[in-house]
Amino acid sequence: MKSYTITVNGTAYEVTVEETGSVSAPAAAAPAPKAAPKAAPKAAPKAAAPASGAGSVKVTAGTAGKIVRIEAKVGQSVKAGDNIIILEAMKMEIPVVAPQDGTVASIDVAPGDAVENGDTLATMN
């Protein structure tokens, strides 16, 4: 038997494969997944960044990409639809906009950062 750790969407699964002479031997997976260690170097700074001025409304990335520039500043009042961050994905600049009227409480990314779909980029009050 050989054991492997396979990570799918950030969750690690322990998989044990039985070696037999037959090609059609099934693989058995462990019934309960164990938590995967975070390997991404950007995970810790993002979690720590909004500690002091975090707002209650999260502004998230709609797609994976790279932060090109920050359009708003912490403390700035914005209206729904105003650009907060510009994200580059597939060689296109995509504005990340305020979901509602409010004040920018934190900016959790910097130009050049790579982000994934759903990552929190900023918070608002």
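The following refers to the structure shown. (Residues numbered from 1 in each chain as written. Predicted model: local features only at pLDDT ≥ 70, side-chain atom pairs only at ≥ 80, totals over all residues. Heavy atoms only, no water.)

Digging into the sheet that holds strand E10 (residues 114-115)
- One open sheet holds the 4 strands; their spatial order is E8-E7-E5-E10, and the pairing between them is antiparallel. Because the sheet does not close on itself, it has two edges, and the strands there are strand E8 (92-97) and E10.
- The pairing of strand E7 (residues 83-89) with E8 spans 6 bridges and is antiparallel. Its bridge partner being in E8, isoleucine 86 is matched across the sheet by proline 95. (Pairing = 2+ DSSP bridges. Helix = DSSP H or I, 4+ residues; strand = E, 2+ residues; numbered from the N terminus.)

Describing the side chain of serine 106
- With respect to the secondary-structure elements, serine 106 resides in strand E9 (residues 102-107).
- Here the side chain of serine 106 touches aspartate 108 through a polar contact of 3.0 Å, side chain to side chain.
- A distance of 2.6 Å separates polar atoms of two side chains, one belonging to serine 106 and the other to threonine 123. (Polar contact = N/O pair within 3.5 Å; in protein donor to acceptor, adjacent residues only side chain to side chain.)

Brief notes about the pairing of strand E5 (residues 65-70)
- Here E5 runs beside E10; their pairing, made up of 2 bridges, is antiparallel. Its bridge partner lying in E10, lysine 66 is registered against alanine 114.
- In terms of strand pairing, E5 meets E7 through 4 bridges, oriented antiparallel. The partner of lysine 66 across the bridge, within E7, is glutamate 88.

Quick word on the pattern of salt bridges
- Across all of its chains, the model carries 2 salt bridges by this definition.
- Residue glutamate 71 pairs with arginine 69 through a salt bridge whose shortest N-O separation is 2.7 Å.
- Residue classification places glutamate 71 among the partly exposed residues on the basis of a relative accessible area of 36%.
- Residue classification places arginine 69 among the partly exposed positions, given a relative accessible area of 36%.
- Between arginine 69 and glutamate 93 there is a salt bridge whose closest N-O contact spans 3.5 Å. Placement of the pair is arginine 69 in strand E5 and glutamate 93 in strand E8, with a sequence separation of 24 residues. (Salt bridge = Lys/Arg side-chain N within 4 Å of Asp/Glu carboxyl O. Buried < 20%, exposed > 50% of the residue type's maximum accessible area, 1.4 Å probe, protein only.)

Considerations on the environment of isoleucine 85
- For isoleucine 85, the position within the fold is in strand E7.
- For isoleucine 85 and proline 95, which are 10 residues apart along the polypeptide, the C-alpha to C-alpha distance reads 6.0 Å.
- If we skip the residues at most four places from it in the chain, isoleucine 85 touches Ile67, Arg69, Ile70, Glu71, Ile94, Pro95, Val96, Val109, Leu121 and Ala122. (Contact = heavy atoms within 4.5 Å.)

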